[in-house]
Amino acid sequence: MTHMRLISRALGLAVLIGSIQAGCAPASITAAHPRSVSASPERPLRLPARLPHRQVKVPILMYHRLHSAPEAAQHSLTVHPADFARQMKWLKRNGYRAITQRELYDALLHGQPLGRKPVLITFDDGYSDVFHYARPVLSRLGMPATAYVISGRTNHGDRVFLTWRRLRMLERAGIEIGSHTVTHAGLTSLSDRDALRELVHSRRAFERGLGHPVQWISYPFGDYDSRIEQLARRAGYVLGVTTEHGTVQSARRPLALKRLRILDSTGVAGLAAMLRG
């Protein structure tokens, strides 16, 4: 009996080690995080040692809140849901094609064509508005998007922010989840160790909770520099967005992508003007 017990324990340990090496820890390890199980786990992406000299024109739209009664402190960053719906319909009607993060990665790093008028739609901070207002519009129009979420706010029971259940529902609706760090701290003010902790712990939380690699990052407050770019790369990210204005993205700096800030005053006309610029 003792011999059989030892064999059983050895087999159990082998399975545990194999699961961790494969990047899919058993449920007992991740019980604190809801999990979406995939039949064929995705392999993490990698940035090459030598980044290619390539540029692609891809407008990346930056939204924050969608709400009809915004708080005064965030008024300029809060877009009315009806305005958002009109902007998305305008994009669709005018031949713009919303793309995924993987499509942008493949275009930048491997030269894959994106076709005419690609656009990437993003939301910062992980507000539940993305679930209530953006998801129905984007689903109806067949447009993917990305929500950058603060991992430390997903378990606090604050209804203003997205929950694990809703993160999984967003993914099923075609809205990818990216990291916005653990606490939304300004990264350049932190030591290497603390900044890396913000980057790594957030990514790991989402990967445990969602069951697949999460390798997209948005820097809180757009606060980054070359040091933070390098730390983000060390943390396993392959694409990172900033708040710097622009539409031409460089494969030499995949962790410093530019965006177009959408405000409460932008409207359809303002969006059209930015995309023509």
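Every chain's residues receive numbers from 1 upward, in the order its sequence appears when written. The predicted nature of this model means local features are confined to residues of pLDDT at least 70 and side-chain atom pairs, given and counted, to a pLDDT of 80 or more, with totals for whole chains, interfaces and linings taken over all residues. The side-chain values count all of the structure's non-hydrogen atoms but skip hydrogen atoms and water molecules.

1. Concerning the packing of aromatic side chains
We count it as follows: Each Phe, Tyr or Trp ring (for Trp, its six-membered ring) is paired with any other whose centre lies within 6.5 Å, and the angle between the two planes then decides the class: stacked below 30 degrees, edge-to-face above 60, tilted in between. Helix and strand assignments come from DSSP, with helices taken as H or I runs of at least 4 residues and strands as E runs of at least 2, each series counted from the N terminus. Type-normalised accessible area, obtained with a 1.4 Å probe on protein chains alone, sets the label of each residue: buried when under 20%, exposed when over 50%, and partly exposed for intermediate values. Here, a charge over a ring means that NZ of Lys or CZ of Arg falls within 6 Å of the ring centre while also lying within 35 degrees of the ring normal.
By the definition in use, this model includes seven aromatic pairs. Aromatic pair tyrosine 127 and phenylalanine 161: ring centres 5.2 Å apart, planes at 20°, arrangement stacked. In this pair, tyrosine 127 is assigned in the loop between strand S6 (118-125) and helix H4 (129-141) and phenylalanine 161 in the loop between strand S7 (145-149) and helix H5 (164-172), connecting sequence segments 34 residues apart. Here tyrosine 127 falls in the buried class, since its relative accessible area comes to 7%. Seen in terms of ring centroids, tyrosine 219 and tyrosine 224 are 5.2 Å apart; in terms of plane orientation they differ by 10°. Their pairing is stacked. Each member of the pair, tyrosine 219 as well as tyrosine 224, is classed as buried. Pairwise contacts between aromatic rings join Tyr63, Phe84 and Phe123 into one cluster. Directly above the aromatic system of tyrosine 96 lies the positively charged group of lysine 117, at a separation of 5.0 Å from the ring centroid. Above the face of the phenylalanine 131 ring, arginine 135 is positioned so that its terminal group lies 4.0 Å from the ring centre.

2. Digging into the packing of helix H2 (residues 81-93) against H4
Put simply, the rule is: Between N-to-C directions, angles span 0 to 180 degrees; the directions come from axes that are lines fitted to C-alpha atoms, helices contributing only their stretch in contact. Any angle from 65 to 115 degrees is called roughly perpendicular, while one under 35 is roughly parallel, one over 145 is roughly antiparallel, and all others are oblique. When the near helix sits turned anticlockwise from the far one by under a right angle, the crossing is termed left-handed; a clockwise turn instead gives a right-handed crossing. Only heavy atoms enter the contact rule, under which two residues are in contact if any of them lie within 4.5 Å. Note that Gly is not counted as nonpolar here; it falls among the polar residues with everything else outside the nonpolar set of Ala, Val, Leu, Ile, Met, Phe, Trp, Tyr, Cys and Pro and the charged set of Asp, Glu, Lys and Arg.
Interaxial distance between H2 and H4 falls to 10 Å at its minimum, and their mutual angle equals 20°. As judged from the angle between their axes, H2 and H4 are roughly parallel. Along this stretch, H2 crosses H4, giving a crossing that reads as right-handed. Every residue of H4 that contacts H2 at Pro81, Phe84, Ala85, Met88, Lys89 and Lys92 is listed here: Tyr133, Ala134, Val137, Leu138 and Leu141. Here the residues of the contact of H2 with H4 are counted per class, giving nine nonpolar, no polar and two charged.

3. Quick word on the nonpolar core
Cut-off, in case you're wondering: Residues enter a nonpolar core if they are buried and are Ala, Val, Leu, Ile, Met, Phe, Trp, Tyr or Cys, with the set joined through side-chain atoms within 4.5 Å.
Grouped together as the largest cluster of nonpolar side chains are 39 residues, with contacts concentrated most on Leu61, Tyr63, Phe84, Met88, Phe123 and Leu138. Ranked by residues supplied to this core, first place goes to H4 with six residues. Not counting chain neighbours up to four residues away, the residues in contact with tyrosine 63 comprise Val79, Phe84, Gln87, Met88, Ile121, Thr122, Phe123, Asp124 and Ile262. Residues Leu104, Tyr105, Leu199 and Val200 belong to the second largest nonpolar core, which totals 36 residues.

4. Considerations on the pattern of salt bridges
The line we're drawing: By convention in these notes, a salt bridge is any Lys or Arg side-chain nitrogen within 4 Å of a carboxyl oxygen on Asp or Glu.
Tallying each qualifying case throughout the model produces nine salt bridges. Of the charged contacts, one joins arginine 102 and aspartate 106 as a salt bridge, the two residues approaching to 3.2 Å between their closest N and O atoms. Pair noted here: arginine 102 and aspartate 106 are both in helix H3 (residues 101-110), with a separation of four residues, about one helical turn. A salt bridge links aspartate 192 to arginine 227, with the nearest nitrogen and oxygen atoms 2.5 Å apart. Remark: arginine 227 occurs in helix H7 (residues 226-234) and aspartate 192 occurs in helix H6 (residues 192-210); sequence separation between them is 35 residues. Owing to a relative accessible area of 39%, aspartate 192 belongs among the partly exposed residues under this scheme.

Without other data, these values stay purely geometric and don't point to any function.
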